[in-house]
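# A look at the structure
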Amino acid sequence: MDPVTQSAQISSSQGFADGQNSATKESKLSAKDLIHWRDPKKSGVAFGLSLLMLLSLAAFSIISVVSYLLLALLCVTITFRIYKSVVQAVQKSNEGHPFKALIDKDVSIAPETFRKHVDASLTYINRALKQMSHLFLVEDLVDSLKLAVVMWLLTYVGAVFNGITILILADILLFTVPPIYEKNKTQIDQYIDLARTQVNNTIAKLQEKLPGAMKRSKTE
């Protein structure tokens, strides 16, 4: 083989591999890029669609929202199919089905991929079960008391907001807090450190007054 041709093929394969690696890296960082508004157009679309979906769920039932979305999708695909059929009939062309590339695409989930996600989910489930056992069986009195306080506060939150309203607020905060934090990171970190110090001091004083916590600290 010609050395020049061989070198060109090697460079092409390396470029293709680098392109795949960069594409993988971009896909991994896509969620982070969206909430940090790296691409304002994509972030705006994602924020608008997610907020529209939640507002629709607040006004209608989930069955109605899903039905309207699927109906709109069907209207688009059927209209496009009819349009392409008419164009092919007028132009007497034989381009075939307009969605043939998507129909021929393999959308099945590989068993290895399914098992990989199941194993990853099982790890989180086991960790959550272990943490629940730790909290509800009062392995550490301080941690259980903190959970009780959080649950007590959430009863007041639930009395004011329903689940959809909380999801709407969470969606708004998800797309507004990260860019604000990124612009004022130094000042916000100072306040966070100050609050963390106060909380740790309060917990330490509380642990000194609780016999169960003192026993735990001595055994550790």
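Residues numbered from 1 in each chain as written. Predicted model: local features only at pLDDT ≥ 70, side-chain atom pairs only at ≥ 80, totals over all residues. Heavy atoms only, no water.

The name an unreviewed UniProt entry gives the protein chain is Reticulon, with Oreochromis aureus as the organism. UniProt, in its Subcellular location (unreviewed entry) section for the protein chain, records the words "Endoplasmic reticulum membrane". (UniProt positions renumbered as here; feature names shortened; annotations may be inferred.)

### Examining the overall build of the protein chain
From N to C terminus, the protein chain includes 10 helices and zero strands. Listing the helices and strands of the protein chain from first to last along the sequence gives α-α-α-α-α-α-α-α-α-α. Across the 220 residues of the protein chain, 9% fall into the buried class. Within the protein chain, contacts between residues at least 6 apart in sequence are counted, and of these 48% link residues at least 24 apart. (Helix = DSSP H or I, 4+ residues; strand = E, 2+ residues; numbered from the N terminus. Buried < 20%, exposed > 50% of the residue type's maximum accessible area, 1.4 Å probe, protein only. Contact = heavy atoms within 4.5 Å.)

### Points about the packing of aromatic side chains
This structure, assessed with the given rule, holds five aromatic pairs. Centroid distance F47 to F175: 5.1 Å. Interplanar angle 40°. Geometry classified as tilted. Pair noted here: F47 is in helix 3 (residues 40–59) and F175 is in helix 8 (residues 163–183), with a separation of 128 residues, a long-range link. When its relative accessible area of 19% is taken as the criterion, F47 is described as buried. Taking relative accessible area as the criterion, F175 reaches 7% and is therefore assigned buried. Aromatic side chains W152 and Y156 sit 5.2 Å apart centroid to centroid with 85° between the ring planes, which places their arrangement in the edge-to-face category. Of this pair, W152 and Y156 both sit in helix 7 (residues 141–160), four residues apart, roughly one helical turn. There is no split in this pair, since W152 and Y156 are both exposed. An aromatic cluster of at least three residues, connected via ring pairs, comprises W37, F47 and F175. (Phe/Tyr/Trp six-rings, centres within 6.5 Å; stacked < 30°, edge-to-face > 60°.)

### What to know about the nonpolar core
For soluble globular proteins, the rule of thumb is that nonpolar side chains tend to be buried together. Formed by I35, F47, L51, L54, I168 and F175, the largest nonpolar core amounts to six residues. When contributions to this core are tallied by element, the ones reaching two or more residues are helix 3 and helix 8. With three residues, the top contributor of residues to this core is helix 3. Setting aside residues no more than four positions away along its own chain, F47 makes contact with W37, D171, I172 and F175. (Core = buried A, V, L, I, M, F, W, Y, C linked by side-chain atoms within 4.5 Å.)

### A look at unusual backbone geometry
One non-glycine residue, W37, lies in the positive phi region at around 55°. In this fold, W37 is placed in the loop between helix 2 (30–35) and helix 3.

### Let's talk about the pattern of salt bridges
Throughout the structure, instances matching the rule amount to seven salt bridges. A salt bridge links D104 to K100, with the shortest nitrogen-to-oxygen separation between them at 2.7 Å. Placement of the pair is D104 and K100 together in helix 5 (residues 100–104), with a separation of four residues, close to one helical turn. Take D104: its relative accessible area is 53%, and that puts it in the exposed class. (Salt bridge = Lys/Arg side-chain N within 4 Å of Asp/Glu carboxyl O.)

### Here we look at a nonpolar patch on the surface
Taken together, V150, M151, L154, V157, V160, F161, I166, L169 and I172 make up a surface patch of nonpolar side chains, about 710 Å² in accessible area. Broken down by secondary-structure element, the contributors of at least two residues to the nonpolar patch are helix 7 and helix 8. The element best represented in the nonpolar patch is helix 7, accounting for five residues. Following the sequence through the fold, V157 ends up in helix 7. Its relative accessible area of 31% is what places V157 among the partly exposed residues. (Patch = residues over 30% accessible without salt bridge, like charges linked within 9 Å, V, L, I, M, F, W, Y side chains within 5 Å. Areas by Shrake-Rupley, 256 points an atom, 1.4 Å probe, with all protein chains shown as cover.)

### Quick word on the environment of A204
Along the chain, A204 turns up in helix 9 (residues 185–209). Taking the relative accessible area as the measure of exposure, A204 reaches 33% and is therefore partly exposed. As a C-alpha pair, A204 and V142 span 62 residues in sequence and 10.0 Å in three-dimensional space.

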